[in-house]
Amino acid sequence: MNGNILIKNASELVTCSGVTAKQGKEMADLCIITDGAVLIRDGIIISVGKTHEVLELFHETGADEADIPVINARGKAVLPGFVDSHTHFVFGGYRAEEFSWRLRGDTYMDIMKRGGGILSTVAATRKASQAELKEAGIRSLDSMLSFGVTTVEGKSGYGLDHDTEIKQLEVMKELDKLHPVDIVSTFLGAHAVPGEYKGRPDEFIGNMTETVLPEVVQRNLAEFCDIFCEKNVFSTEQSRKLLGEAKRLGLKLKIHADEIVPLGGAELAAELGAVSADHLLQASDKGIRDMARAGVVAALLPGTAFSLKEPYARARYMIDNGCAVALATDMNPGSCFTESVPLIFALATLYMGITTEEAVTALTINGAAALDRADSIGSIDLGKKGDVIILEFPSYKYIPYHIGVSTVEKVIKEGNLVFDRKL
Ligand code: NIG
Ligand code: FE
């Protein structure tokens, strides 16, 4: 694996060019080069353009196509690798039973109130060994890679105690080294109030803030801090306290905001300068405008609304009001057990009023922006990581059109071919 590859003759090279989030109308522009090529050396993109231009430059340097892996992408579209900016993919146990209860009519919050839901995954994750968590994590990462995901965010939050929160974050660090998919870690110690703190959420927040957060920062185990800001979980006050301290210690912020009840999470994200606010099914008009003004990325998770049979977030309104929207799977064992990028494309385009172009932006450069990495991934631009995917169809337009089916034929991670459906 040396990180060198030349991809040429792409019917569409969908560059999604840019180094910052695309807001509002900008989301529709994919900066497409027809008959395009991209050259990656040592894992970094060093040439992008029309095939004849890239080849001319390539030969001028005395290089020879026989000395580098070459992919002829004739009749195929080439895009940046997808960035799945919100998941909870490291966990113990599964909750298939709970899915059946929800089919019978129980709500997600009913199940959580009687000690199931997140808390049942917490019990299983506390029991699981690092090796077990790693094995399940690799299974998910393999699945994500097959859908074209080259960077994924993963959260802790199934420990809710010092040792297990740290264990989850250590596992993610380890997986990042082992697996081609890059992992961005988020500390979500305040994901629910654990049994031992029942009725004492303030004390629990105090414990997380004083005993776990400083170690996470000091050992560099996470880049972001997140909280489930929701009625009957954590209030905006409690969220402000934890996130404020995390920011003071140097972490970047995310927030599970306004998912089930409009609590003012979007407004809080803007106030605190969070990188993203996520879910937002119930975000208020003011919250949306505040986010657009403050440059907070709206990370929308249609798979969760679909799976919980909740109304979708108001993506069209957000984009029309100047927000930068990202789309992500929210892969987790409860509210949305899927790594499927094609499902997210289908739901976003068919039910949220998002165009195909906007959806592509939302899963590439804006996904990168939701992880504060728009300067290094999320587009096919000079100097960025050589993370690209090749579709088995000539246009990005086939992504949602081929409903629920992956159109990804090959995945190149930092210049190395790491997935090939044809092999
Ligand atoms: O993003 N909303 C809270 N957290 C997760 C669900 C986690 C779970 O049910 O295990 C979410 O939907
Ligand atoms: Fe989530």
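Above this note sits the structure.
Residues numbered from 1 in each chain as written. Chains lettered and ligands numbered in written order. Predicted model: local features only at pLDDT ≥ 70, side-chain atom pairs only at ≥ 80, totals over all residues. Heavy atoms only, no water.

1. Side note on the overall build of the protein
When helices and strands are counted, the protein shows 16 helices and 16 strands. Expected size for 423 residues packed as a compact globule is a radius of gyration near 22 Å; at 21 Å, the protein falls within 12% of this value. Overall size of the protein, expressed as C-alpha extent along the three principal axes, is 70 × 45 × 45 Å. The proportion of buried residues among the 423 residues of the protein is 60%. (Helix = DSSP H or I, 4+ residues; strand = E, 2+ residues; numbered from the N terminus. Rg over C-alpha atoms; globule rule 2.2 N^0.38 Å. Buried < 20%, exposed > 50% of the residue type's maximum accessible area, 1.4 Å probe, protein only.)

2. Observations concerning the nonpolar core
One finds Phe89, Leu280 and Leu300 to be the most contacted residues of the largest nonpolar core, which totals 99 residues. The next biggest cluster of nonpolar side chains, apart from the first, holds 14 residues, and it includes Val38, Ile40, Ile380 and Ile412. (Core = buried A, V, L, I, M, F, W, Y, C linked by side-chain atoms within 4.5 Å.)

3. Some words on unusual backbone geometry
One non-glycine residue, Asn9, adopts positive backbone phi at about 65°. Residue position: Asn9 is located in strand S1 (residues 5-14). Phi is positive for Asp330, which is not a glycine, with a value near 65°.

4. Here's the deal with the layout of surface pockets
Considering only enclosed or pocket space, the largest pocket measures out at about 430 Å³ in volume. Phe99, Arg102, Ser307, Leu308 and Lys309 are the residues nearest the centre of the largest pocket, which is lined by 24 residues in total. Counting only elements with at least two residues in the lining of the largest pocket, the list comes to helix H2 (96-104), helix H3 (108-113) and helix H11 (302-308). Among the residues forming the lining of the largest pocket, the class breakdown is 13 nonpolar, six polar and five charged. (1 Å grid on protein atoms, 1.4 Å probe; cavity = no way out; pocket = protein on both sides within 12 Å on 5 of 7 lines; lining within 4 Å. Points joined across faces, edges and corners; volume = space filled by probe spheres on them. Nonpolar A, V, L, I, M, F, W, Y, C, P; charged D, E, K, R; others polar.)

5. A few points about the coordination of the iron ion (ligand 2)
Taken together, His86 (NE2), His88 (NE2), His256 (NE2) and Asp330 (OD) make up the protein donors of the iron ion (ligand 2), found 2.0 to 2.5 Å from the metal. Look at where the donors of the iron ion (ligand 2) fall in the sequence and you get H-x1-H-x167-H-x73-D. Within this pair, whereas His86 is found in the loop between strand S6 (82-84) and H2, its partner His256 is found in strand S10 (residues 252-257), the two being separated by 170 residues in sequence. Residue classification places His86 among the buried positions, given a relative accessible area of 0%. (Donors = N, O, S within 2.8 Å, 3.2 Å for Na, K, Ca; no water.)

6. Overview of the side chain of Asn4
With respect to the helices and strands, the residue Asn4 is situated in the segment before S1. Residue Asn4 is classed as buried on the basis of its relative accessible area of 14%. Within the local environment of Asn4, its side chain forms a polar contact with the backbone nitrogen of Asp42, the two atoms lying 2.8 Å apart. With sequence-adjacent residues up to four places away left out, Asn4 is seen in contact with Ile40, Arg41, Asp42, Ile68, Pro69 and Gly415. (Polar contact = N/O pair within 3.5 Å; in protein donor to acceptor, adjacent residues only side chain to side chain. Contact = heavy atoms within 4.5 Å.)

7. Things to note about the pairing of strand S15 (residues 408-413)
Each regular strand shows side chains that alternate between the opposite faces of the sheet. Among the six residues of S15, six are classified as buried, and the element is accordingly described as predominantly covered. The pairing of strand S14 (residues 388-391) with S15 spans four bridges and is antiparallel. Across the sheet, the residue bridging to Ile389 is Val411, located in S15. Between S15 and the antiparallel strand that follows it, strand S16 (residues 416-420), lie two residues; Glu414 among them carries a positive phi value of about 45°. (Pairing = 2+ DSSP bridges.)

8. Describing the packing of helix H7 (residues 201-218) against helix H8 (residues 236-248)
Taken N-terminus to C-terminus, the directions of H7 and H8 make an angle of 5°; their axes are 10 Å apart at the nearest point. For the element pair H7 / H8, the angle class is roughly parallel. Contact residues: Pro201, Asp202, Ile205, Gly206, Thr209 and Leu213 in H7; Gln238, Lys241, Leu242, Glu245 and Ala246 in H8. (Axes fitted to C-alpha atoms, helices over the stretch in contact; angles between N-to-C directions. Parallel < 35°, antiparallel > 145°, perpendicular 65-115°, else oblique.)

9. Notes on helix H5 (residues 130-146)
Taking 1.5 Å as the rise per residue, H5 with 17 residues should run 24 Å; its terminal C-alpha atoms sit 24 Å apart, in good agreement. Those residues of H5 that fall on the buried side of the exposure criterion are Leu133, Ala136, Gly137, Ser140, Leu141, Ser143, Met144 and Leu145. The elements touched by buried residues of H5 are helix H4 (118-127), strand S7 (149-155), helix H6 (162-178), strand S8 (182-190), S15 and S16. Following H5 by one or two positions, Gly148 has its phi on the positive side, about 95°. (Expected span 1.5 Å × (residues − 1).)

10. Digging into empty space enclosed by the protein
If you walk through the whole model with that rule in mind, you get three cavities of 30 Å³ or more. One number sums up the size of the largest cavity: a volume of about 80 Å³. As for the largest cavity, its lining consists of His88, Tyr108, Ile118, Tyr158, His191, Phe228, His256, Glu259, His279, Asp330, Asn332 and Ser335. When its residues are assigned to classes, the lining of the largest cavity shows four nonpolar, six polar and two charged.

11. Quick look at the site of ligand 1
Around ligand 1, a shell composed of 16 residues is seen, among which Arg95, Tyr108, Tyr158, Glu259 and Ser335 lie nearest. Between ligand 1 and His256 there is a distance of 3.1 Å, counted from an oxygen atom to a side-chain nitrogen or oxygen. Note that an oxygen atom of ligand 1 is positioned 2.6 Å from one of the side-chain N or O atoms of Ser335. Alone, ligand 1 offers 330 Å² of accessible surface; in the complex the protein occludes 100% of this. Structurally, ligand 1 is housed in the largest cavity. (Near = heavy atom within 4 Å. Areas by Shrake-Rupley, 256 points an atom, 1.4 Å probe, with all protein chains shown as cover. Sits in = over half its atoms within 2 Å of the grid points.)

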